Amino acid sequence: MSQLAIEITGLQKKFGQQRVLEGIDLAVPKGKIFALLGPNGAGKTTLINILSTLLAPDAGSAYIAGFDIVNNKEEVKRSISLTGQFAAVDEMLTAEENLLMIGRLSGLTRLESRSRAIELIEHFDLKDVARKRVRMYSGGMRRRLDLAVSLVVRKPIMFLDEPTTGLDTRSRRALWDIILDLEKEGVTIFLTTQYLEEADQLADTIAVISNGRIVAHGTPEEMKSRIGGEMVEIRSNDDEVIHEISTSGSIHEIKQILEKMSSRVPEDSRINIRRPSLDDVFLALTTSNKEKNDDVFN
Ligand SMILES: Nc1ncnc2c1ncn2[C@@H]1O[C@H](COP(=O)(O)OP(=O)(O)OP(=O)(O)O)[C@@H](O)[C@H]1O
Ligand SMILES: [Mg+2]
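In this text, all values refer to a predicted model and were calculated from it rather than measured experimentally.

Another point: the pairing of strand E3 (residues 33–37). Counting buried residues in E3 gives five out of five residues, a clear majority hidden from the surface. Side chains of E3 alternate between two faces, with Ile33, Ala35 and Leu37 and Phe34 and Leu36 buried alike. In the sheet, E3 pairs with strand E8 (residues 188–193) via five bridges, with the strands oriented parallel. Bridging across to E8, Phe34 finds its partner in Phe190. Pairing between E3 and strand E9 (residues 205–210): four bridges, direction parallel.

Structure representation (structure tokens):
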């Protein structure tokens, strides 16, 4: 038995003349959280749609729980749950009704559906609104219900397309806890996000997708050490970052930076030296070195 929950080789997809995925290779081990990070239009939803058999690839292959996404669609569908980028719940029904309906559609008995619904309503903190129509819900309540719906029947592999986009900090953290609990139960999670912090907090492995290609792949720590060294931050008197410069951290280099900068920042500016964050990695991957140096030294 393969230890990989998801195995993708050379996956390609075009829409008309537009090449949206240009040869994706990825592997996600069983029971791990994988985060696909990328800006708008990078191809994240397209990849999730292909992996969940909603869309056919043009070339390449992918195996989900050992099943071929093209030739074993039914087995793939039985192994996964998908929480799409846009809510798929019925707005005219209540949370309770949505959960009951999905339970019945998935083959649970009336009794099983009911006890599962009660359990999920409790777990996702939806008790107060469980009997209100979803149409009246806030974005955070909807997102929690989306996730609850995808958990009515527990599947070994979950796809979450931007699970926390648009949520406030508190709701986002609540969802992170739920996702981490699922990992503890052995569920494999493939999520997409535009938030570097989210990938950093949750994922065992991260891949950055840009224009349909994987431009970096590794653990959050590997990604951060990739750009190495330290970041010099120059902050204004009211603590706003005016400049950020990546350096090896040597005294010589920092002295050079300070000499260059001292004439062009306010006198009461202050400096701070810190380890690089995933944001720095992301910028480093999507900006050429020349641009960065031009920005600092000109
Ligand atoms: N059905 C479609 N027909 C034509 N073009 C499409 C279709 N679906 C997606 N695209 C295009 O493919 C590219 C990738 O879209 P995709 O939705 O996969 O990006 P994404 O990374 O999920 O972006 P976002 O962060 O905005 O959700 C975009 O340029 C988009 O316009
Ligand atoms: Mg998307």
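Read on, since the account is not over.
Turning to the sheet that holds strand E7 (residues 157–161), a few remarks are in order. Think of a sheet as strands paired side by side through backbone hydrogen bonds, with each pair either parallel or antiparallel. Pairing is mixed in the open sheet, where six strands are placed in the order E6-E7-E8-E3-E9-E10. Bordering the open sheet on either side are strand E6 (80–83) and strand E10 (213–218), each of which pairs with just one other strand. Along the sheet, successive strands turn relative to each other by an average axial angle of 15°, direction set aside. Strands E6 and E7 of the sheet are contacted by helix H5 (residues 139–150), whose axis makes an angle of about 165° with E6.

What follows covers a negative patch on the surface. Residues Asp238, Glu240, Glu267 and Asp268 make up a contiguous surface patch of negative charge. Mapped onto the elements of the fold, Asp238 is located in the loop between strand E11 (230–235) and strand E12 (241–247). Residue classification places Asp238 among the exposed positions, given a relative accessible area of 61%.

Taken domain by domain, the chain holds domain 1 (4–218) and domain 2 (226–294). Once you take the C-alpha centre of each, domain 1 and domain 2 turn out to be 37 Å apart. Taken together, the contacts link eight residues of domain 1 with five residues of domain 2. In total, domain 1 and domain 2 occlude about 650 Å² of area from one another, counting both sides; carbon and sulfur atoms represent 81% of this. Seen at the junction of domain 1 and domain 2, the total is zero salt bridges. Where domain 1 meets domain 2, there are zero residue pairs in polar contact (both at pLDDT 80 or more). For the side of domain 1 that touches domain 2, the elements supplying multiple residues, two or more each, are helix H7 (196–202), E9 and E10. Counting residues per element, the side of domain 1 that touches domain 2 draws most heavily on E10, which supplies three residues. By residue class, the composition of the side of domain 1 that touches domain 2 is six nonpolar, one polar and one charged.

Before going further, it helps to examine the site of ligand 1. Around ligand 1, 14 residues are found, and the nearest of them are Gly41, Lys44, Thr45, Thr46 and Gln85. In this structure, Gly41 approaches ligand 1 through a main-chain N or O atom, which is 2.8 Å from an oxygen atom. Thr45 places a side-chain nitrogen or oxygen 2.8 Å from an oxygen atom of ligand 1. Looking at the shell around ligand 1, the elements with two or more residues in it are strand E2 (18–29) and helix H1 (44–51). By residue number, the principal contributor to the shell around ligand 1 is H1, which donates three residues. Partitioning the shell around ligand 1 into residue classes produces four nonpolar, eight polar and two charged.

Rules used in this analysis
- Residues numbered from 1 in each chain as written.
- Chains lettered and ligands numbered in written order.
- Predicted model: local features only at pLDDT ≥ 70, side-chain atom pairs only at ≥ 80, totals over all residues.
- Heavy atoms only, no water.
- Buried < 20%, exposed > 50% of the residue type's maximum accessible area, 1.4 Å probe, protein only.
- Helix = DSSP H or I, 4+ residues; strand = E, 2+ residues; numbered from the N terminus.
- Pairing = 2+ DSSP bridges.
- Axes fitted to C-alpha atoms, helices over the stretch in contact; angles between N-to-C directions.
- Contact = heavy atoms within 4.5 Å.
- Patch = residues over 30% accessible without salt bridge, like charges linked within 9 Å, V, L, I, M, F, W, Y side chains within 5 Å.
- Areas by Shrake-Rupley, 256 points an atom, 1.4 Å probe, with all protein chains shown as cover.
- Salt bridge = Lys/Arg side-chain N within 4 Å of Asp/Glu carboxyl O.
- Lys, Arg positive; Asp, Glu negative; His and termini not counted.
- Charge placed at Lys NZ, Arg CZ, Asp CG, Glu CD.
- Domains from an automatic or database assignment.
- Buried area = accessible area lost by both parts, 1.4 Å probe.
- Polar contact = N/O pair within 3.5 Å; in protein donor to acceptor, adjacent residues only side chain to side chain.
- Nonpolar A, V, L, I, M, F, W, Y, C, P; charged D, E, K, R; others polar.
- Near = heavy atom within 4 Å.

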